[in-house]
Amino acid sequence: MSLVALKQPYLLQVMYDDEPLNPREDYDNFGHMICWHRRYNLGDENRFADPNDFLMNLVKRTASEYAIIRHARFGKSDTIRLFYDKSAHGWSIESYNGYFKKWYQEDFVEGRLEDNTRDVADCLIEAMSDSDLLKIASAENVILPLNLYDHSGLRMSADSFTGKAQHAEWDSGQVGWIYATASEIRAEYGSVSAENVEKARQRLLSEVQDYDYYVSGQCYGYRLYENGEETDSCWGFLGYLEDVLKEIAGEVLPESHRDMVDKLQEVSDTVTIYKGYEEFAEELEDLAR
């Protein structure tokens, strides 16, 4: 695509950026975008084998031993429990099997809880389901799901695509998470208040939006000619075309010529990066006939 408008002494060309910067590699990001997909390399580079590996690591890094123990000991989970076995003089860790509808012992730590909090917490993490790990991680950090829609192109969102896009029931699903830890929020904003947590959440959503523009190909650049000579060009604009055009108009065009973005016309040649002023002017004349 190449859109062109002429209003003397300027000619403006807006086109797709075929080699856009990757926001996850070239931007200074606040959040961490962790994804898994069998066909696409998405998000930030990561060393986690699967979601369970990531969630266990995140809980170990950011949750206290007591938060992990409280989750299992005081009925916050339907699939993991921790209780003291008087006869064995130690702490039993059990998980619930929904298929057999039975509790099974996963591990046992002998002795007092106060003397073995780290061991008990580590055993619990190993036995917990992803949903339990996510609950604990979400209580300690800001973590949002990442959903991919793969249908005639890619889209990324923190919200589900189901009910919002064609065939999303089959062509979309969660591929990972984006998150920021409490310590990172504190370092950025000074505290982990409710207000600052919301600021962090909005910032993560903004990063997801930028990445959505990138994977969906909503990436643009422009060239500006004045009196037949190229005087300015810039690439790396991400966003809806309407918003990008407003940004370009405000940055590079004098106020008297900002209406040029409303008069852009698509030229016939889809590979136009190497075209010059004369070719564009001639094509616009042909379109005007």
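You'll find the structure just up there.
For the rest of this paragraph, the subject is the nonpolar core. Counting 31 residues, the largest nonpolar core has Phe 54, Val 59, Ile 68, Leu 82 and Leu 124 as its most contacted members. Those elements giving two or more residues to this core turn out to be α2 (51-62), α3 (65-73), β4 (80-85), β5 (90-97), α4 (117-127), α5 (130-140) and β9 (172-180). With six residues, α4 is the single largest residue contributor to this core. Not counting residues up to four positions away in its chain, the partners in contact with Leu 82 are Ile 69, Ala 72, Arg 73, Trp 91, Ser 92, Ile 93, Val 120 and Leu 124.

Turning next to the sheet that holds strand β7 (residues 142-150). Pairing in this open sheet of four strands is antiparallel, and the strands run β3-β9-β7-β8 from one edge to the other. Looking at which strands have only one partner, the edges of the open sheet turn out to be β3 (32-35) and β8 (154-157). Averaged over neighbouring strand pairs, the angle between their axes works out to 25 degrees when direction is ignored. Pairing between β3 and β9: four bridges, direction antiparallel. From the neighbouring strand, His 32 faces β9, where its bridge partner is Tyr 179.

What follows covers the packing of aromatic side chains. Summed over the entire model, instances satisfying the criterion amount to 15 aromatic pairs. Aromatic pair Tyr 16 and Tyr 220: ring centres 5.4 Å apart, planes at 20 degrees, arrangement stacked. Here the residue Tyr 16 occupies a position in strand β2 (residues 10-16), and Tyr 220 occupies one in strand β10 (residues 219-226), the gap between them amounting to 204 residues. You can call Tyr 16 partly exposed: its relative accessible area is 36%. You can call Tyr 220 buried: its relative accessible area is 5%. Taking the centre distance of 6.2 Å and the plane angle of 80 degrees together, the rings of Trp 36 and Trp 177 count as edge-to-face. Residue Trp 36 is found in the loop between β3 and α2, and its partner Trp 177 is found in strand β9; the two are separated by 141 residues along the sequence. Each of the two residues, Trp 36 as well as Trp 177, counts as buried. A connected cluster of aromatic rings, assembled from ring pairs, spans Trp 36, Phe 48, Phe 54, Trp 177 and Tyr 179. Here the guanidinium or amino end of Arg 81 rests over the ring plane of Trp 103, the centre of that ring lying 4.1 Å away.

Within this structure, the stated rule accounts for 16 salt bridges. A salt bridge links Arg 155 to Asp 212; the shortest N-O distance between them is 2.7 Å. With Arg 155 in strand β8 and Asp 212 in helix α8 (residues 194-215), the pair connects residues that are 57 residues apart, well separated along the chain. Judged by its relative accessible area of 2%, Asp 212 falls in the buried class. Here Glu 188 and Arg 203 are joined by a salt bridge, their closest N and O atoms 2.7 Å apart. With Glu 188 in helix α7 (residues 182-189) and Arg 203 in helix α8, the pair connects residues that are 15 residues apart, well separated along the chain. With a relative accessible area of 42%, Glu 188 lands in the partly exposed category.

About the thresholds
Residues numbered from 1 in each chain as written. Predicted model: local features only at pLDDT ≥ 70, side-chain atom pairs only at ≥ 80, totals over all residues. Heavy atoms only, no water. Core = buried A, V, L, I, M, F, W, Y, C linked by side-chain atoms within 4.5 Å. Buried < 20%, exposed > 50% of the residue type's maximum accessible area, 1.4 Å probe, protein only. Helix = DSSP H or I, 4+ residues; strand = E, 2+ residues; numbered from the N terminus. Contact = heavy atoms within 4.5 Å. Pairing = 2+ DSSP bridges. Axes fitted to C-alpha atoms, helices over the stretch in contact; angles between N-to-C directions. Phe/Tyr/Trp six-rings, centres within 6.5 Å; stacked < 30°, edge-to-face > 60°. Lys NZ or Arg CZ within 6 Å of the ring centre and 35° of its normal. Salt bridge = Lys/Arg side-chain N within 4 Å of Asp/Glu carboxyl O.

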